[in-house]
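Structural characterization, general
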Amino acid sequence: MNAAATRPEDPDRLWSVDEHLSDVLSTVRPLEPIELQLLDAQGCVLVEDVMVPVSLPPFDNSSMDGYAVRVADVAGASEEFPAALTVVGDVAAGAGDPPHVGPGQAARIMTGAPLPPGAETVVPVEWTDGGLGGGPVSRMTAHSTAPDGASGQVLVHRPAEARAHVRAKGSDTTAGERALEAGTILGPSQIALLAAVGHASVRVRPRPRVVVISTGSELVQPGGELRPGQIYDSNSFALTAAARDAGAIAYRVGAVTDDADILRATIEDQLVRADLVVTTGGVSVGAYDVVKEALSSVCGAEVAGDPEADEGTEHTEHREETPAGPGVDFRRLAMQPGKPQGFGVVGPDHIPLLALPGNPVSSYVSFELFVRPAIRALMGLEDVHRPTLRAVLTAEKALTSPAGRRQFLRGRYAEGEVAPVGGASSHLVAALAHADALIVVPEDVESVEPGTEVEVVLLG
């Protein structure tokens, strides 16, 4: 049973990090699979194994520009006593009817061209005179400038073993083998393989669409003029970039002022293009923290577990696992930074929404712990978490942590050691930019001495 199903009514309850994450992941469901053309499928996750319909390469072909010959005809060839062979034609890549190579004959062959019948090996052009009657050459004469290069005689100055410089049919992969497993994220090399074996489209889970909304009347678009009391909006840029890094298609919405009606309308307008909504700011206890006020009534009963709403739809299970009441539940977590958090579903399609704190470090750490796993779950991945490991703490003094809170400190990791970067304050953006890891201090630990082995979450 998930955390939401057992949630007590006490509003002062302190949730653990693991309980909140479990609540998020038990509510988020993988997106429905669709068929996409290869380039449109980049970054998506395969939902089924892809088999190889045709061997790769589909025929024996040359790995060099040179001459296709019989082994016996070049045995013992040397600079002093080259083998003289009659050139019977060209074999270019894509050639469908290559000439037959008989005793004492050779065919000019290009890289990727099929090995012609009768030939047993390929001699690189650098081992020959290129048909010019002199010593070894460095390249072939272009067919367009010397069509007669595909006839006449060629001198071969070195012997070649059987199948030398020949790429065998099926040496990469053979028909009937599995090309890619279900669950594979499609990057450039995977798309290359699919194209190489003839797949024009593939069945995948689409990349989640994530809408990022920052809140606060003090926020100004970067490049604008700062007035007294204002700051530039960095959170929406950071979270949008982080969502894209996690594999999502992310949309950044400009900062919304501290007005519940405007924020509510903005969220409702954005639901049409969202599989996940992320807000930042306005989740604490201040008089102008309007996210709670706005989200408590977004689309009303449709997010409140109303038994009359959407009966029989695929979202029924989501409603059963989400508590009655407001669509988004606000809670306090036993963590630092990032104590205030919000989570729920909004809109008629029950779009998951995570409301993050507004301090830059709190927002980013919250994203890594909760939003990134949610994005990966929407993609249908089994492993949704960043890699973790143990490392030795290197610091000038002991790290302190509040009792009963799991602390996440920024750090830099290298070769089994991790060092803190910046202080514990949640507004230190500059320190965050130089961190590549999070140092985890458990709830029951209040001090960590240098040289102690600690848990580290790798961010890169």
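Residues numbered from 1 in each chain as written. Predicted model: local features only at pLDDT ≥ 70, side-chain atom pairs only at ≥ 80, totals over all residues. Heavy atoms only, no water.

Tallied over the full model, the rule gives zero aromatic pairs. The aromatic ring of W15 is capped on one face by R13, whose charged end is 4.3 Å from the ring centroid. If you follow R158 out to its NZ or CZ, it ends over the ring of W127, 4.0 Å from the centre. (Phe/Tyr/Trp six-rings, centres within 6.5 Å; stacked < 30°, edge-to-face > 60°. Lys NZ or Arg CZ within 6 Å of the ring centre and 35° of its normal.)

Turning our attention to the pattern of salt bridges. Under the criterion given, the structure shown has 16 salt bridges. In this structure, D60 and R163 form a salt bridge, with 3.0 Å as the shortest nitrogen-oxygen distance. Here the residue D60 occupies a position in the loop between β4 (50–51) and β5 (61–62), and R163 occupies one in the loop between β10 (153–156) and β11 (166–167), the gap between them amounting to 103 residues. Residue classification places D60 among the partly exposed residues on the basis of a relative accessible area of 25%. The residue R108 makes a salt bridge to D90 at a minimum N-O spacing of 2.7 Å. (Salt bridge = Lys/Arg side-chain N within 4 Å of Asp/Glu carboxyl O. Helix = DSSP H or I, 4+ residues; strand = E, 2+ residues; numbered from the N terminus. Buried < 20%, exposed > 50% of the residue type's maximum accessible area, 1.4 Å probe, protein only.)

Strand order in the open sheet formed by five strands is β9-β6-β8-β7-β10, and the pairing between neighbours is mixed. On the outer flanks of this sheet lie β9 (121–124) and β10, each paired with one strand and no other. Pairs of neighbouring strands in the sheet enclose a mean axial angle of 45 degrees, with direction left out of account. Note: strand β7 (residues 83–91) against β10, four bridges, orientation antiparallel. Within the sheet, the bridge partner assigned to L85 lies in β10 and is V154. (Pairing = 2+ DSSP bridges. Axes fitted to C-alpha atoms, helices over the stretch in contact; angles between N-to-C directions.)

This brings us to the environment of V454. Mapped onto the secondary structure, V454 falls in strand β29 (residues 453–458). Residue V454 is classed as buried on the basis of its relative accessible area, which comes to 5%. It is 8.6 Å that separates the C-alpha atoms of V454 and V418, two residues lying 36 residues apart in sequence. When neighbours within four sequence positions are excluded, V454 is seen to be in contact with L389, R390, A391, L393, V418, I439 and V448. (Contact = heavy atoms within 4.5 Å.)

Let us look at the environment of T27. With respect to the helices and strands, the residue T27 is situated in helix α1 (residues 17–27). Measuring from C-alpha to C-alpha, the distance between T27 and A374 comes to 9.2 Å, with 347 residues separating the pair along the chain.

Let us look at the nonpolar core. Formed by 42 residues in total, the largest nonpolar core has its most connected members in L276 and I375. Among the secondary structure elements, those contributing two or more residues to this core are α1, β14 (209–215), α4 (235–245), β18 (276–280), β22 (351–356), α8 (360–378) and β27 (437–441). When residues of this core are assigned to domains, at least three map to each of domain 1 (14–31 + 207–298 + 326–379) and domain 4 (388–458). Ignoring anything within four residues of it in the chain, the contact list for L276 reads R209, V210, V211, I351, P352, L353, L354, V371, A374, I375 and L378. Judged by nonpolar contacts, the second largest core, of 21 residues, contains A260, V290, A294 and A355. (Core = buried A, V, L, I, M, F, W, Y, C linked by side-chain atoms within 4.5 Å. Domains from an automatic or database assignment.)

So, on to unusual backbone geometry. What is expected of a backbone is that most residues other than glycine have negative phi and most peptide bonds are trans. Cis geometry is found at the peptide bond from L56 to P57, where omega equals -5 degrees. With respect to the element layout, P57 can be found in the loop between β4 and β5. A cis amide bond links Q336 with the next residue in sequence, P337, at an omega value of -5 degrees. Topologically, P337 is positioned in the loop between β20 (335–336) and β21 (340–346). The backbone of R163 sits at a positive phi, close to 65 degrees, despite the residue not being glycine. Phi angles above zero are rare outside glycine, and E415 is one such case at about 50 degrees. Topologically, E415 is positioned in the loop between β25 (406–414) and β26 (417–420).

Time to look at α4. Along α4, the residues that are buried comprise N235, S236, L239, T240, A242 and A243. Relative to the axis of α4, the buried residues are bounded by an arc of 165 degrees and lie together on one face. Seen from the open side of α4, the exposed residues pointing more than 90 degrees away from its buried face are R244 and D245. In this fold, the buried residues of α4 make contact with β14, β17 (249–256), β18, β22 and α8. (Arc of directions from axis to C-beta.)

Let's shift gears to the confidence of the model for the protein. Of all residues in the protein, 87% attain a pLDDT of 70 or more, and the chain-wide mean is 87. Across residues 1–9, where pLDDT falls below 50, the model places 19 contacts with residues more than four positions away in sequence or in other chains. Predicted confidence for residues 300–326 stays below pLDDT 50, and this span has 43 contacts to residues more than four positions away or in other chains. (pLDDT = per-residue confidence, 0-100.)

Here we come to the sheet that holds strand β13 (residues 201–205). Overall, antiparallel pairing links the three strands, which are arranged β2-β13-β3 in an open sheet. Single-partner strands in this sheet number two, and they are β2 (34–37) and β3 (45–46).

Contact geometry of α4 with α8 gives a least axis separation of 10 Å together with a crossing angle of 25 degrees. Between α4 and α8, the crossing angle belongs to the class labelled roughly parallel. The handedness of the crossing between α4 and α8 is right-handed. Here α4 contributes N235, L239, A242, A243 and D245 to the contact with α8, which in turn contributes P360, S363, Y364, F367, R372 and I375. Along the lines of polarity and charge, the residues of the contact of α4 with α8 split into seven nonpolar, two polar and two charged. (Parallel < 35°, antiparallel > 145°, perpendicular 65-115°, else oblique. Left-handed = near helix turned anticlockwise from the far one by under 90°. Nonpolar A, V, L, I, M, F, W, Y, C, P; charged D, E, K, R; others polar.)

Turning our eyes to something else, we now look at the side chain of D73. Among the structural elements, D73 can be located in helix α2 (residues 71–74). Within polar-contact distance, the side chain of D73 engages the backbone nitrogen of G104 at 2.7 Å. Residues in contact with D73, not counting those within four places in the same chain, are A83, L85, G102, P103, G104 and Q105. (Polar contact = N/O pair within 3.5 Å; in protein donor to acceptor, adjacent residues only side chain to side chain.)

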